[in-house]
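So you can see what is in the structure, the chains are spelled out below.
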Amino acid sequence: MTDSTQPPAGLSQDDLKTANQAGWDEAADLHRAHPQFAALLEGFATPGFSCFDDFANRRLRTLEMTGKSVAQLCCNNARELLSIKNIGAGRCVGFDFSQAFLDQGRELAAAGQLEAEFVQTEISAIPDEYNESFDLAVMTIGVLGWMPNLTTFFATVSRVLRPGGRLFLYEDHPILNMYPDGEQDMPPVPDESYFRSTPYQSKSGLDYGSGKTYDAQPVYWIFHRMSDVVMGVVRNDFAIEEFEELPYDIGTRPSYENQSQQLPLSYILFARKE
Ligand SMILES: C[S@@+](CC[C@H](N)C(=O)[O-])C[C@H]1O[C@@H](n2cnc3c(N)ncnc32)[C@H](O)[C@@H]1O
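Fair warning: this is a prediction, and the values are worked out from it, not measured in the lab.

As enumerated under the stated definition, the model contains 13 salt bridges in all. The partner of Arg59 in a salt bridge is Glu242, with the nearest N and O atoms 1.9 Å apart. With Arg59 in helix H3 (residues 54-61) and Glu242 in strand E8 (residues 238-246), this residue pair connects regions lying 183 residues apart in the sequence. Judged by relative accessible area, which is 25%, Glu242 ranks as partly exposed. With a closest N to O distance of 2.9 Å, Arg106 and Asp103 form a salt bridge. With Arg106 and Asp103 both in helix H5 (residues 99-111) and 3 residues apart, this pair spans about one turn of that helix. Owing to a relative accessible area of 37%, Asp103 belongs among the partly exposed residues under this scheme. Residues participating in the shared-partner salt-bridge network are Arg59, Glu242 and Glu244.

Next comes the structure, spelled out in structure tokens:
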């Protein structure tokens, strides 16, 4: 396994995205083979299934979703989009640049006999035909770090939403960028600055479901601060309706929960397009 945290000099934002797309495509078969995917296939076969935890489910249910149009940006296998479909949403469209993961989304939709559309595209290049098309835009768990610039990213979110539409963000807390991947002895010891400004290069693969590493296509992760997230939203004329930092692990670090000196592990943000 090789892992180096420094990117080669002179990589453009497009270079980062191209490398990341290859890295995600490379990981798709590994994710498809996980017991977690089989569990999702089985789950969606049950009407009304949701992959969201109770906390997120309660928050989502405060929005009246019946018949609402929903976009999931960087949808991966679209398990969250399909869970929202299962609480009554209308048109559901998942966007991602990995065709292989979108195919897994189609499989999950078929398992649940759920109607959804899947669009293969780099996020900033979502076609104009989707402008002002959605009541809700959803981004969850491990999306923002792939985006070179959050102000640009939330401009795309705003572009696809109708006036009055909402964004729903449920993400890992950016403070976790300071700590090594995977489980650690408690309390964990930071090995990166919160304010790191160069992309983080990883060559150990994206098989986070099993935690296994492999000699992988290099991918690039950007450290964004919480203030970058909030300002990216606000600069695009969203009004923040709810923003809460949470002690819940929504990724791969359950041992970080229930500590006496608790780190924030995730956050939820709802904002309305003005
Ligand atoms: C960590 S996954 C999201 C996981 C999903 N929320 C879940 O929990 O199942 C991130 C996804 O973002 C996609 N992605 C990353 N950068 C992208 C970009 N610039 N344009 C489109 N999709 C992108 C990847 O292909 C991947 O499917």
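This part is about the pairing of strand E3 (residues 117-120). Inspection of the sheet shows strand E2 (residues 92-96) paired to E3 by 4 bridges, in the parallel sense. Each residue of the ladder has a partner; that of Val93, found in E3, is Glu117. Of the crossover connections in this fold, the one passing from E2 over H5 to the parallel E3 is right-handed.

The subject of this paragraph is the site of the ligand. Around the ligand, the structure places 17 residues, and the nearest of them are Asn76, Arg79, Asp96, Glu122 and Thr140. One nitrogen or oxygen atom from the side chain of Arg79 is found 2.5 Å from an oxygen atom belonging to the ligand. In this structure, a nitrogen atom belonging to the ligand sits 3.0 Å away from a main-chain N or O atom of Ile123. For the shell around the ligand, a count of residues per class yields 8 nonpolar, 5 polar and 4 charged.

Thresholds applied
- Residues numbered from 1 in each chain as written.
- Predicted model: local features only at pLDDT ≥ 70, side-chain atom pairs only at ≥ 80, totals over all residues.
- Heavy atoms only, no water.
- Salt bridge = Lys/Arg side-chain N within 4 Å of Asp/Glu carboxyl O.
- Helix = DSSP H or I, 4+ residues; strand = E, 2+ residues; numbered from the N terminus.
- Buried < 20%, exposed > 50% of the residue type's maximum accessible area, 1.4 Å probe, protein only.
- Pairing = 2+ DSSP bridges.
- Right-handed = clockwise from strand over helix to strand, strands pointing away.
- Near = heavy atom within 4 Å.
- Polar contact = N/O pair within 3.5 Å; in protein donor to acceptor, adjacent residues only side chain to side chain.
- Nonpolar A, V, L, I, M, F, W, Y, C, P; charged D, E, K, R; others polar.

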